[in-house]
Amino acid sequence: SQGGERVIVDPTQDPILANFLQQATGFIGTKRTTRGISRVPLAQQFVTGSFPRYGPYGTSTSANQVIGEGQAIYAQGRGTAYLGQFIQGECAVCREQSLVLHAVLANEGKASEVVSGFLGAGGKHAWVEYTDTVTGQPMVADSVWGFVLPVEQAYARYGGVSNVQRQVFAKP
């Protein structure tokens, strides 16, 4: 997205998001066979798989198409869109994907923040950060880059991070 747009992250107003959260809960519940399996990598896997055209397996051609489709969603709503519209169209870039992951984690009872910044590898990016409840370690979950890593390792993979901004849109 170009920035300046408003995304509504509220399953009580967005039936597509509400349904997606139910599907995510089912996926996580099926895959989490013991309490020793973290919900976060499962949530990240579910979100990454929900947006196959923009992420670790997407192509630059499809990425440009996804960006254009996302801009069209914002244009239809005069700068405002429901998160479910991106889910339905499978056209979420990093900002919307991080919001989706953040909403899934909140629905699972896990506190997190949507974080954005400039990467040393180039460009602005958005991801999710949370604290691992077992180790107390700060972690990054990134559905576009396809990983869950400790913050230091993730920031190194990004080539460094600057101008970091943190926001919470959904609470457990």
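The structure displayed is predicted, hence computed values, not measured ones.

Caption draft 1: Geometry of the packing of aromatic side chains. Here the structure, examined in full by the defined rule, presents eight aromatic pairs. Judged by centre distance (5.9 Å) and plane angle (80 degrees), the ring pair of Trp 127 and Tyr 155 falls under edge-to-face. Residue Trp 127 is located in strand β4 (residues 124–131), and its partner Tyr 155 is located in helix α6 (residues 151–157); the two are separated by 28 residues in the primary sequence. Grouping residues by exposure puts Trp 127 and Tyr 155 together as buried. Note on Phe 147 and Tyr 158: the rings are 5.7 Å apart at their centroids and 45 degrees apart in plane angle, and the pair reads as tilted. With Phe 147 in strand β6 (residues 147–150) and Tyr 158 in the loop between α6 and β7 (161–167), the pair connects residues that are eleven residues apart, well separated along the chain. Each of the two residues, Phe 147 as well as Tyr 158, counts as buried.

Caption draft 2: Representation of helix α5 (residues 94–107). End to end, α5 covers 20 Å across 14 residues, agreeing with the expected 20 Å (1.5 Å per residue, within 8%). Listing the buried residues of α5 in full gives Cys 94, Glu 96, Gln 97, Ser 98, Leu 99, Val 100, Leu 101, His 102, Ala 103, Val 104, Leu 105 and Ala 106. One or two positions beyond α5, positive phi appears at Gly 109, with a value near 85 degrees.

Caption draft 3: Structural detail: the side chain of Gln 97. By the secondary structure assignment, Gln 97 is in helix α5. Overall, the relative accessible area of 0% leaves Gln 97 in the buried class. Residue contacts for Gln 97: discarding those within four places in its chain leaves Val 47, Phe 51, Tyr 54, Ala 92, Ser 143 and Val 144.

Caption draft 4: Seen up close, the sheet that holds β7. What the five strands build is an open sheet, ordered β6-β5-β4-β3-β7; its pairing is antiparallel. Looking at which strands have only one partner, the edges of the open sheet turn out to be β6 and β7. Averaged over all neighbouring strand pairs, the angle between strand axes comes to 30 degrees, with direction disregarded. Of the strand pairs in this sheet, β4 and strand β5 (residues 138–142) are connected by four bridges, and their pairing is antiparallel. Bridge pairing links Glu 129 to Val 140 in β5.

Caption draft 5: Region of the structure containing helix α1 (residues 15–31). The end-to-end C-alpha distance of α1 is 24 Å, a good match for the 24 Å that 17 residues give at a rise of 1.5 Å each. Looking at α1, one finds that the buried residues are Leu 17, Phe 20, Leu 21, Ala 24 and Ile 28. Burial along α1 is one-sided: seen end-on, the buried residues are contained in an arc of 100 degrees. Those residues of α1 that are exposed and angled more than 90 degrees off the buried face are Pro 15, Gln 22 and Thr 30. The inward-facing, buried residues of α1 abut α2 (39–50), α4 (83–89) and α5.

Caption draft 6: Broad picture of the packing of α2 against α5. At a minimum axis distance of 10 Å, the contact between α2 and α5 shows a crossing angle of 140 degrees. One element, α2, and the other, α5, form an angle in the oblique class. Crossing hand, α2 versus α5: right-handed. Residue-level contacts link Val 40, Ala 43, Gln 44 and Val 47 of α2 to Gln 97, Val 100, Leu 101, Val 104 and Leu 105 of α5. For the contact of α2 with α5, a count of residues per class yields seven nonpolar, two polar and no charged.

Criteria and cut-off values
The numbering scheme is per chain: residues are counted from 1 as the chain's sequence reads. Where totals are concerned, whole chains, interfaces and linings use all residues; where local detail is concerned, this predicted model gives features only for residues with pLDDT of at least 70, and gives and counts side-chain atom pairs only at 80 or more. Heavy atoms from the whole structure form the basis of all side-chain values; hydrogens and water molecules are not counted. Ring pairs shown here join Phe, Tyr and Trp side chains whose ring centres sit within 6.5 Å, with only the six-membered ring taken for Trp; geometry is labelled stacked below 30 degrees between planes, edge-to-face above 60, and tilted in between. Numbering of helices and strands starts at the N terminus; helices are DSSP runs of H or I of at least 4 residues and strands are runs of E of at least 2. Using a 1.4 Å probe on the protein chains alone, a residue whose accessible area is under 20% of its type maximum counts as buried, one over 50% counts as exposed, and one in between counts as partly exposed. Any helix carries an expected span of 1.5 Å times its number of residues minus one. For this analysis, residues touch if any pair of their heavy atoms sits within 4.5 Å. Two strands pair under a simple rule: DSSP has to find at least two bridges between them. Each axis is a line fitted through C-alpha atoms, and for a helix only the stretch in contact is used; angles between axes span 0 to 180 degrees, taken between their N-to-C directions. Here, the arc refers to the directions that run from the helix axis to the C-beta atoms. These descriptions rest on fixed angle ranges, namely under 35 degrees for roughly parallel, over 145 for roughly antiparallel, 65 to 115 for roughly perpendicular, and the rest for oblique. Each crossing gets its hand from how the near helix is turned against the far one by less than a right angle, where anticlockwise is left-handed and clockwise is right-handed. Ten residue types, Ala, Val, Leu, Ile, Met, Phe, Trp, Tyr, Cys and Pro, are classed as nonpolar, four, Asp, Glu, Lys and Arg, as charged, and the remainder, Gly among them, as polar.

These figures come from the coordinates and say nothing about function on their own.
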